[in-house]
Amino acid sequence: MHDRLEHLLDGFDHVETRREFEERLSEDKPLTVKLGLDPTSPDLHLGHAVVLHKLQQFVEAEHKVVLVIGSFTARIGDPSGRNELRPPLTTAEITSNMRTYAEQAGKVLDMDRVRLEYNSTWLDRLTSADLLRLLSQVTVAQMIEREDFRARYSAGTPIALHEFLYPIAQAYDSIALHADVELGGNDQLFNLLMGRQYQRDAGQRQQVCMTVPLLEGLDGERKMSKSAGNYVGLTEAPEQQFGKLMRIPDGLVARYARLAAFRSREECERLARALSDGKAHPMEEKKRVAQEVVARYHGAAAAQAAREYFERTVQQRELPTGDLPEIKQGDARRVIDVMVAAGLAESKRAAERLVAGKGVRIDGILVEDPKALWPAAAPATLSVGARKFVKVLPNS
């Protein structure tokens, strides 16, 4: 019992509450374990995989796992961790994004053993009277206690009333499913705890809330997200995944080993100490982590080939590296900004067209997202087409 408990708890940074979770496991019957994903972009990335990995462990422990696609909540937009109003998605965008989610989640989850639900199934049925009743169970003061709402309110940044509906709708998902456990990122804790409150008011046993750390993106600053352009997609090509992972700051190598390659806590702590003491080389350790990550989604052979491609085109300097012109990154944050600053594109719009035409590479790795952030941790060679090259130096 103890080993089973510790295995399932490993990797969570908050459990509300451990005692309740232990009690439910001791009942020795399958728990209904819920995770919700809103189809706000067409791609799942390594940030999503952190919690999906934990969900798969519940699958393997033979619990009743439910993956909830937020076909209703995506219309509202999750305000968690945001300092501004999220632009609403159209129904067509949501529908298009949903098509890919189950397939991509299958890169981590055994979807044959996962129940797939869409929360519009029950939320679309709510009447005006139902919504009024749900709204009456929470106060404005409770909502403003939430960190992101409080920060926006204090800064005078608009908060639309419909955003208050998001945690209520997510909480209703837990009622509809009679959830025993809900998983999420640690920016979701407010929403998960709201589920406990609503289940209690509905006469249900309150779910256990379990959150995982958020994975920083390739910029090393903001959480990984498609909108920030700092992500590694689960379905990207092996060379693309490997090349992107080689851009992470050295200080995040051990964290990616833990949250993306899923090494043990003890192993990652040893790696962090070795890197800090100079006993491990950041580049070599970064390559090992990148290879492990790519192998998870494409297999060992593809991961080895991706590593060899990187070593051949970047480390063995098959890119032109002679007397390349050099520029400082300066204030440019996105790849297209650097292209304009380097004179490789006459405008941001022109730079976006070059990216769309698959003519832009960083250290030989194709740039596919016009929102991609520049990897500022080390010097890198930016190329446009076959003849235009510039070496971009970090500011410090």
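Residues numbered from 1 in each chain as written. Predicted model: local features only at pLDDT ≥ 70, side-chain atom pairs only at ≥ 80, totals over all residues. Heavy atoms only, no water.

**Topic: the nonpolar core**
Counted only if it meets this: To qualify as a nonpolar core, a set must consist of buried Ala, Val, Leu, Ile, Met, Phe, Trp, Tyr and Cys residues joined through side-chain atoms within 4.5 Å. Summary of the burial criterion: residues with accessible area below 20% of their type's maximum are buried, those above 50% are exposed, and those between are partly exposed, where the area comes from a 1.4 Å probe applied to protein chains only. A run of H or I in DSSP counts as a helix once it spans at least four residues, and a run of E counts as a strand once it spans at least two, with each numbered from the N terminus. Residue contacts are counted whenever heavy atoms from the two residues lie within 4.5 Å of one another.
Counting 67 residues, the largest nonpolar core has Phe21, Leu46, Phe58, Leu67, Leu183, Met210 and Tyr256 as the members making the most contacts within it. In terms of residues, this core owes the most to one element, helix H3 (residues 46-60), which gives 8 residues. For Leu46, the residues in contact, after removing those within four places along its chain, are Leu215, Met224, Val232, Leu234, Leu245, Ala260, Val293 and Tyr297. Core analysis: the next-biggest nonpolar cluster, separate from the first, contains 21 residues, Ile76, Leu134, Val138 and Phe164 among them.

**Some points on the side chain of Arg258**
By the secondary structure assignment, Arg258 is in helix H13 (residues 253-259). When sequence neighbours within four positions are dropped, the list of residues in contact with Arg258 reads Asp10, Gly11, Arg263, Ser264, Arg265 and Cys268.

**Let's talk about the pattern of salt bridges**
Pairing is possible between side chains of opposite charge, provided their charged atoms come close. Spelled out, the test is: When a carboxyl oxygen of Asp or Glu lies within 4 Å of a side-chain nitrogen of Lys or Arg, that pair is called a salt bridge.
With the rule as written, the count across this model stands at 33 salt bridges. Arg307 serves as the salt-bridge partner of Glu311, at 3.1 Å between the closest nitrogen and oxygen. Of this pair, Glu311 and Arg307 both sit in helix H16 (residues 300-315), separated by 4 residues, roughly a single helical turn. Across this residue pair, the class does not change: Glu311 and Arg307 are buried.

**What to know about the sheet that holds strand S4 (residues 114-118)**
Cut-off, in case you're wondering: If DSSP finds at least two bridges between two strands, the strands pair. The angle between two axes is taken between their N-to-C directions and runs from 0 to 180 degrees, where each axis is a line fitted to C-alpha atoms and a helix contributes only its stretch in contact.
Judged by pairing direction, the sheet is mixed, and its 6 strands sit side by side in the order S1-S6-S5-S2-S3-S4 without closing on themselves. Among the strands making up the open sheet, the edge pair consists of strand S1 (14-16) and S4. Between one strand axis and the next, the sheet turns through 20° on average, direction left out of account. As paired strands, strand S2 (residues 32-37) and strand S3 (residues 64-69) are joined by 6 bridges and run parallel to one another.

**Observations concerning unusual backbone geometry**
Residue Thr17 is reached from Glu16 by a cis peptide bond, and omega for that bond is 0°. Here Thr17 shows up in the loop between S1 and helix H2 (18-26). For Glu62, which is not glycine, the phi dihedral falls at a positive 65°. Of note, Glu62 is situated in the loop between H3 and S3.

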